[in-house]
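Commentary on secondary and tertiary structure
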Amino acid sequence: MKSILEVRDLSISFGGLRAVDHFRLTLGEGELVGLIGPNGAGKTTVFNMLTGIYRPTSGRILFRGRRDEEPRDITELKPHQITSRGIARTFQNIRLLKGRSVLENVLIAYHYRVPYSLLDAVLRTGRYYRGERALVDEAMEFLSIFGIEGKARELAQNLPYGEQRKLEIVRALATHPVLLLLDEPAAGMNPKETRALMDLIRFIRERFSLTILLIEHDMSLVMNVCERIVVLDYGRIIAEGDPESIRRNPEVIKAYLGEEVEIA
Ligand SMILES: Nc1ncnc2c1ncn2[C@@H]1O[C@H](COP(=O)(O)OP(=O)(O)OP(=O)(O)O)[C@@H](O)[C@H]1O
């Protein structure tokens, strides 16, 4: 299996706090890996470094984008450059344009790779119309995979919470990523919605040849959907392995003591 992401000894400090300490991770093409850990362990901070929002204090991030043969160093790149190289993410706190329609929310994601120039758009050329129509068709196809195509014209803020989370994933898919980072995709969903989401995550991985790294508090989701799990505690990796070994790992059980989540 070719590796797509290689994270070498990534660390970051905020003032005196070492939020992430020598984080290492290699993702093979097509893998579905979970990143778990108690509250404040550093999971979202890892995502923020992978997507250029935070600059690590030390360490390197190597990523093989869609056009690259070999992994390239993306540690210093800006968020939009990282998105256009093929890493997309969702956020723990949903970041939709709430006053815009569901469809518009997806279309906005396309500005990373629109096939026409701004001039085409202003002059409303044939290329613009052909491009726009193709984008709308594709956006509708993404929405239909998540069963929300019927709500394309509704305002994003009127969707139930679970569907807003799905729309965030659709928006990430619209950037045509090779690596998808999902930050608590099942947060706020009921068990039935969570199970359906698990199936969808597996489905989109196959359908779009994605590699997926996901942060999740819902242990049933993580244990069922992920092939490999990395556990962070106080910014450090304390365990890594298949779901079964993680479930039985004494360090992991200890780290979760006192947390509201159950790892059984
Ligand atoms: N911009 C920042 N400035 C200062 N401290 C920060 C910043 N971002 C994160 N931290 C701190 O880094 C630590 C890790 O936070 P992070 O949000 O990555 O944890 P997490 O594992 O994602 O937690 P949760 O599961 O609660 O979302 C926390 O102590 C947090 O307060």
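Nothing here was measured: the structure is a model prediction, and the numbers come from that model.

Rules of the game
- Within each chain, residues carry numbers counting from 1 in the order of the written sequence.
- Local features are withheld for residues below a pLDDT of 70 in this predicted model, meaning they are given only at 70 or higher, and side-chain atom pairs are given and counted only at 80 or more; totals for whole chains, interfaces and linings count all residues.
- Strands here mean DSSP runs of E at least two residues long; helices mean DSSP runs of H or I at least four residues long; both are numbered from the N terminus.
- Three exposure classes are used. Buried residues have 20 or more other C-beta atoms within 10 Å of their own C-beta, exposed residues have 12 or fewer, and partly exposed residues fall in between, all C-beta atoms being placed from the backbone.
- Think of it this way: build a C-beta for each residue from its backbone, and any pair within 7 Å is a contact.
- Strands are treated as partners if at least two bridges between them are detected by DSSP.
- Lines fitted to C-alpha atoms define the axes, with helix axes restricted to the stretch in contact, and inter-axis angles between N-to-C directions lie between 0 and 180 degrees.
- We call a residue near a molecule or strand when its C-beta atom, built from the backbone, sits within 6 Å of it.
- Amino acids are sorted into nonpolar (Ala, Val, Leu, Ile, Met, Phe, Trp, Tyr, Cys and Pro), charged (Asp, Glu, Lys and Arg) and polar (every other residue, Gly among them).
- An automatic or database domain assignment supplies the residue ranges for each domain.
- Under the definition applied here, buried Ala, Val, Leu, Ile, Met, Phe, Trp, Tyr and Cys residues are grouped into a nonpolar core through C-beta atoms within 7 Å.
- Here the angle decides the label: under 35 degrees means roughly parallel, over 145 means roughly antiparallel, 65 to 115 means roughly perpendicular, and every other value means oblique.
- Each helix crossing is assigned a hand: it is left-handed if the near helix lies turned anticlockwise from the far helix by less than a right angle, otherwise right-handed if that turn is clockwise.

Let's shift gears to the overall build of the protein chain. Assigned secondary structure in the protein chain consists of 10 helices and 10 strands. Looking at the protein chain as a whole, 38% of its 264 residues are labelled buried. Put simply, 67% of the contacts in the protein chain that link residues at least 6 apart link residues at least 24 apart.

Turning our eyes to something else, we now look at the sheet that holds strand S8 (residues 211–215). Here six strands make up an open sheet; going across it, the order is S6-S7-S8-S3-S9-S10 and the pairing mixed. Looking at the sheet topology across the chains shown, the edges are occupied by strand S6 (87–89) and strand S10 (236–241). Within this sheet the neighbouring strands show an average axis-to-axis angle of 20 degrees, counted without direction. When strand S3 (residues 32–36) meets S8, the two strands line up parallel, connected through four bridges. Note that in S8 the partner of Gly 34 across the bridge is Leu 214.

Every residue close to the ligand is listed here: Phe 14, Leu 17, Ala 19, Gly 37, Asn 39, Gly 40, Ala 41, Gly 42, Lys 43, Thr 44, Thr 45 and Gln 92. Where the shell around the ligand is concerned, the elements lending two or more residues are strand S2 (17–28) and helix H1 (43–50). No other element matches H1, which puts three residues into the shell around the ligand. Its residues placed into classes, the shell around the ligand shows four nonpolar, seven polar and one charged.

Domain annotation for the protein chain reports domain 1 (1–86 + 177–264) and domain 2 (96–169). Taken together, the contact between domain 1 and domain 2 spans 10 residues of the former and eight residues of the latter. Elements with a minimum of two residues in the side of domain 1 that touches domain 2: helix H2 (79–85) and helix H7 (191–207).

Strand order in this open sheet of four strands is S2-S1-S4-S5, and the pairing throughout is antiparallel. Two strands bound the open sheet, and with one partner strand each, they are S2 and strand S5 (72–73). Note: strand S1 (residues 3–14) against S2, eight bridges, orientation antiparallel. Bridging across to S2, Leu 10 finds its partner in Phe 23. Sitting on the sheet, H1 touches S1, S2 and strand S4 (58–63), and the angle it makes with S2 is about 65 degrees.

Moving on, we get to the environment of Arg 248. In this structure, Arg 248 sits in helix H9 (residues 243–248). On a C-alpha basis, the gap between Arg 248 and Arg 95 in space is 36 Å, while along the polypeptide they are 153 residues apart.

Grouped together as the largest cluster of nonpolar side chains are 67 residues, with contacts concentrated most on Leu 35, Val 106, Val 170, Ala 174, Leu 180, Leu 181 and Val 231. Built from parts of two domains, this core gets at least three residues from each of domain 1 (1–86 + 177–264) and domain 2 (96–169).

Time to look at the packing of helix H3 (residues 102–109) against helix H6 (residues 161–173). With their axes 8 Å apart at the nearest point, H3 and H6 run at an angle of 30 degrees to one another. The orientation of H3 with respect to H6, classified from their angle, is roughly parallel. Read as a crossing pair, H3 and H6 show a hand that is right-handed. Between H3, through Val 102, Asn 105, Val 106 and Ala 109, and H6, the contact on the second element is made entirely by Leu 167, Val 170 and Arg 171. By residue class, the composition of the contact of H3 with H6 is five nonpolar, one polar and one charged.

Moving on: unusual backbone geometry. Glycine aside, residues mostly have negative phi angles, and peptide bonds mostly take the trans form. Positive phi is not limited to glycine here, since Asp 9 has a value of about 45 degrees. Take Asp 9: there are 12 C-beta atoms within 10 Å of it, and that puts it in the exposed class. Unusually for a residue other than glycine, His 22 sits at a positive phi of about 50 degrees. By the secondary structure assignment, His 22 is in strand S2. Judged by C-beta crowding, with 14 C-beta atoms within 10 Å, His 22 ranks as partly exposed.

What follows is about the environment of Arg 60. Its place among the elements puts Arg 60 in strand S4. Each C-alpha atom of the pair Arg 60 and Glu 149 lies 40 Å from the other, and the pair is 89 residues apart in sequence. Residues in contact with Arg 60, not counting those within four places in the same chain, are Arg 8, Asp 73 and Thr 75.

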